[in-house]
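Examining the three-dimensional arrangement
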Amino acid sequence: MYADMVSAASVWAVAAQRLQQRNEASYRQWGCKLVPVRLGSSNELVLGVDDDFFGEWVATYFCDMLTDALRDIDGVSYSFSFEAGHAPAPVPPVRESKPKAATTALHRPSGVPRRGPNYSFSNFVVCEANRYAFTVVKDVVERPGFYNPLFLYGLSGCGKTHLLRAAEAEAADNGLRVRYAACSELLDEFYKLLQNKGDLNEFRASLRDVDILLIDDVHVLAGKTQLQEEFFKLFNFLYSRGQQIVLTSDKQPCEIHGLEDRLITRFESGMTSEVNMPEVEGRFAILRMMRDEAFVKVRLDDTILQFLAEQISSSVRRLKGAFMRLATVASMRNNTRITVEQAEQLLAAQLGKESSARDIPMDLIQRLVADRFGLTVADIRGNRRPRNIAEPRMVAMYLCRTMTKHSLPEIGVAFNKTHATILNAVNKVPELCAHDDTLRRTVQQLEHQLKRG
Ligand code: ADP
Ligand code: MG
């Protein structure tokens, strides 16, 4: 695995440098935010992205550029795919205006820790959904040991990690000894030590020698009996000395299946608070904050922010991702204003995922489109390229992408085409519609028809 990481990084170092030389602005906009994760089978480079919006956006608009950059690296051409959930690398400082001479080192030397996003109490938007959690987290930083333990739970992407890291920063500023750890990292470290028969004492000391211990995502403990045992001892040690413990999880303690009762009781013995997804006003406030704090002036009107706040209710992570995507498109288009319709089109695939149950079968879409254009399903799935067939085929691909939850490769199978062809169609149809009112109306009617089922 280590060897994989090294070679993914070295492949990406070459590709990233090519990207930067070809187009500095583009590189800064998205290239530098990709993180090499690993090399998959058949020379596929897996690139880490913050969220699925960003990955799709890069794939949609920069597929060719990225493919070029990955061509012939020491004789090998790599394909790419994205994996969400990786914090972006920090954006390198803007270089003095010599865009052509782009040869500065691009990457951190390996081993240098990457600074995460800037999480603080001041950039956490407090609203009904999280006010209580916010208050108690601030309290424990002021008075460690007061509510012990503090257990925060809530769905993914609603701000738990943000609160923990803000607490970490504030506690450190106050001169407290504080340690933040993601439970999955502890798990890795712990099992590695067990495997290599390493010394657990150092591991234990690093967790015990603190005023505040912040452990993120403790639901990961489910079913891990050895680590639970270790955790039990750790908990008792800290608790009996009045050292503060803060835990987060995606569920309440009693709902974590495979967690020992004695841990459940302990986790529930202090203060428990739910972190909810901000309501629409809170989501709007988060977006306004992002716009106000953006590094460059972002021209997204309140109507657009309101639209996003209304449409995206599943997670703040996705909300931020959607904002970033629109902000980047706006800046690429020389900061022209984006309309709500354009936003709807740009985010179609992701907004689709927000609405519930969308299991329209792909063959139904193919049939409907074929009927509508007076073609056969075989035409839609086939390879003949006259425009009167090629366009409806692209429409069918586009609808499969926007109206169902299927991935690009799955749609590829349904049409017997490559993932890149589908991507091209998904990208092209909104463009065609922008110049062709009849086509646009037809697509809209098909969408309505499909929605009605
Ligand atoms: P969780 O740990 O609950 O899955 P995170 O704390 O990672 O969620 O939040 C996901 C993203 O949303 C982060 O970028 C975080 O900064 C942001 N976020 C969540 N809640 C808020 C909030 N109330 N104000 C500002 N940003 C928020
Ligand atoms: Mg988290």
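Scope of this entry: the structure provided in the associated data block. (Residues numbered from 1 in each chain as written. Chains lettered and ligands numbered in written order. Predicted model: local features only at pLDDT ≥ 70, side-chain atom pairs only at ≥ 80, totals over all residues. Heavy atoms only, no water.)

1. Considerations on the packing of aromatic side chains
The relative placement of two aromatic rings is captured by the distance of their centres and the angle of their planes. The criterion, for reference: The pairing test for Phe, Tyr and Trp rings, Trp by its six-membered ring, is centres within 6.5 Å, and the orientation test on the planes gives stacked under 30 degrees, edge-to-face over 60, and tilted for anything in between. Only DSSP runs of H or I covering at least 4 residues are called helices, and only runs of E covering at least 2 are called strands; the numbering of each starts at the N terminus. Relative accessible area decides the class of each residue, using a 1.4 Å probe on protein chains only: under 20% of the type maximum gives buried, over 50% gives exposed, and in between gives partly exposed. Counted as over-ring charges are cases with an Arg CZ or a Lys NZ within 6 Å of the ring centre that also lie within 35 degrees of the ring normal.
Tallied over the entire structure, the rule returns 11 aromatic pairs. Look at W30 and F62: their rings are 4.5 Å apart centre to centre, the planes differ by 20°, and that puts the pair in the stacked class. One end of the pair, W30, is in the loop between α2 (24–29) and β1 (35–40); the other, F62, is in helix α3 (residues 52–69), and 32 residues separate them in sequence. Comparing W30 with F62 shows no difference in burial state: the two are buried. Through a chain of ring-to-ring contacts, three or more aromatic side chains come together here, namely F151, F231, F235, Y239 and F267. Lying across the ring of Y180, R165 places its NZ or CZ 3.7 Å from the centre. In this arrangement the basic side chain of R208 is found over the ring face of F237, its NZ or CZ atom lying 4.7 Å from the centre.

2. With respect to the pattern of salt bridges
For clarity, the threshold we go by: Take a side-chain nitrogen of Lys or Arg and a carboxyl oxygen of Asp or Glu: if they are within 4 Å of each other, that pair is a salt bridge.
For the structure on display, the rule yields 17 salt bridges. Put simply, R291 and D302 hold a salt bridge, and the shortest N to O gap is 2.8 Å. With R291 in helix α10 (residues 280–293) and D302 in helix α11 (residues 302–311), the pair connects residues that are 11 residues apart, well separated along the chain. Residue classification places R291 among the buried positions, given a relative accessible area of 16%. Each of the salt bridges in this network shares a partner with another, and the network as a whole consists of R22, D68 and R71.

3. Examining the nonpolar core
Applicable threshold: In these notes, a set of buried Ala, Val, Leu, Ile, Met, Phe, Trp, Tyr and Cys residues joined through side-chain atoms within 4.5 Å is what counts as a nonpolar core. Contact between two residues is taken to exist if any of their heavy atoms lie within 4.5 Å; hydrogens are not considered.
If you look at the biggest cluster of nonpolar residues, it comprises 82 residues, and the most contacted ones within it are W30, L300, L308 and L399. A total of 10 residues in this core trace back to one element, the largest contributor, which is α3. In this structure, L300 is in contact with R291, L305, F323, L326, A327, A330 and I338, ignoring residues within four places of it in sequence. Core analysis: the second largest hydrophobic core is formed by 29 residues, F124, A133, V246 and I286 among them.

4. Some remarks on the sheet that holds strand β8 (residues 271–274)
As a reminder of what qualifies: Strand pairing is assigned whenever DSSP identifies at least 2 bridges connecting the two strands. Axis definition: a line fitted to C-alpha atoms, over the contacting stretch in the case of helices. Angles run 0 to 180 degrees between N-to-C directions.
Read across the sheet, five strands follow the order β5-β6-β7-β4-β8 without closing on themselves; strand pairing throughout is parallel. Strand pairing shows two members of the sheet lacking a second neighbour, β5 (178–182) and β8, which therefore form its edges. Direction aside, the axes of adjacent strands within the sheet are offset by 15° on average. Across four bridges, strand β4 (residues 150–153) lies against strand β7 (residues 244–249) in parallel orientation.

5. Brief notes about α10
The periodicity of an α-helix, 3.6 residues per turn, causes residues three or four positions apart to be oriented the same way. What counts here: Any helix carries an expected span of 1.5 Å times its number of residues minus one.
Under the 1.5 Å per step criterion, the end-to-end length of α10 is 20 Å for 14 residues, consistent within 8% with the ideal 20 Å. What α10 keeps buried is the set G282, R283, F284, I286, L287, M289, M290 and R291. Packed against the buried residues of α10 are α11 and α12 (316–332).

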